[in-house]
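Given next are the chains, with one letter for each unit.
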Amino acid sequence: MAQQRLAHITLVVDDYDRALKFYTEILGFRVVEDTVQTETKRWVLIQPPGSTECCLLLAKAVNEEQK
């Protein structure tokens, strides 16, 4: 059986910068990547302290249902 692993887990947030502040300043996560894709979308990966593989992918909610 092939070994499996999780690379990214998506977390829907209402604001990238507010979420980044919480995860980095309060919980000690580190920013792995923060790349602007469009005027409203970014590719934001953060990683908890001590982790070497799995990251959270922060995705901005695009409508009320997602919020």
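Preceding this section is the structure that the text describes.
Positions within a chain are numbered from 1, following the residues in the order the chain's sequence is written. With the structure being a predicted model, the display of local features is reserved for residues of pLDDT at least 70 and the display and counting of side-chain atom pairs for 80 or more, all residues being used for whole-chain, interface and lining totals. As a convention, hydrogens and water are excluded, and side-chain values are obtained from all of the structure's heavy atoms.

Details of the overall build of the protein chain
Consideration 1: Helix and strand assignments come from DSSP, with helices taken as H or I runs of at least 4 residues and strands as E runs of at least 2, each series counted from the N terminus. Regarding its fold elements, the protein chain presents one helix and four strands.
Consideration 2: Start at the N end of the protein chain and walk to the C end: the helices and strands fall as β-α-β-β-β.
Consideration 3: Judged by the C-alpha coordinates and their principal axes, the protein chain covers about 40 × 30 × 20 Å.
Consideration 4: For each residue, the accessible area found with a 1.4 Å probe, counting protein chains only, is set against the maximum for its type, and the residue is called buried under 20%, exposed over 50%, and partly exposed in between. In the protein chain, which comprises 67 residues, the share counted as buried stands at 25%.
Consideration 5: Residues count as neighbours in contact if any of their non-hydrogen atoms are within 4.5 Å of one another. Within the protein chain, contacts between residues separated by at least 24 positions form 43% of all contacts whose residues are at least 6 apart in sequence.
Consideration 6: A total accessible area of about 5,100 Å² is found for the protein chain, and carbon and sulfur atoms account for 52% of it.
Consideration 7: Side chains of the protein chain carry 8 positive and 10 negative charges; the gap between the two charge centres is 2 Å. Exposure was quantified through the Shrake-Rupley algorithm and a 1.4 Å probe, taking into account, for residues, occlusion by the shown protein chains and nothing else. Positive charges come from Lys and Arg, negative ones from Asp and Glu, while His and the chain ends are left out of the count. The atom standing in for a charge is NZ when the residue is Lys, CZ when it is Arg, CG when it is Asp and CD when it is Glu.

Describing the pattern of salt bridges
Consideration 1: By salt bridge we mean one thing: a side-chain nitrogen of Lys or Arg within 4 Å of a carboxyl oxygen of Asp or Glu. Inspection of every chain in the model, using the stated rule, returns four salt bridges.
Consideration 2: A salt bridge links Arg5 to Glu53; its shortest N-O distance comes to 3.9 Å. Placement of Arg5 in the segment before β1 (8-13) and of Glu53 in the loop between β3 (42-47) and β4 (55-60) is noted, with a sequence separation of 48 residues between them.
Consideration 3: Of the residues examined, Glu53 reaches a relative accessible area of 46% and is grouped as partly exposed.

Details of the environment of Glu53
Consideration 1: Distance in space between the C-alpha atoms of Glu53 and Tyr16 is 22 Å, their sequence separation being 37 residues.
Consideration 2: Among all residues touching Glu53, those that are not within four sequence positions of it are Arg5, Ala7 and Gln47.

Quick look at the packing of aromatic side chains
Consideration 1: Classification of ring pairs rests on two measures: the distance between centres of Phe, Tyr or Trp rings, Trp counted by its six-membered ring, which must be within 6.5 Å, and the angle between planes, read as stacked under 30 degrees, edge-to-face over 60 and tilted in between. Scanning all chains against the criterion turns up two aromatic pairs.
Consideration 2: Aromatic side chains Phe22 and Tyr23 sit 5.1 Å apart centroid to centroid with 85° between the ring planes, which places their arrangement in the edge-to-face category.
Consideration 3: Note on Phe22: relative accessible area 40%, which makes it partly exposed.
Consideration 4: Ring geometry for Tyr23 and Phe29: centres 5.2 Å apart, planes at 70°, overall edge-to-face.
Consideration 5: Within the aromatic cluster, the residues linked to one another by ring pairs are Phe22, Tyr23 and Phe29.

Limitation: the analysis is restricted to geometry and does not speak to function.
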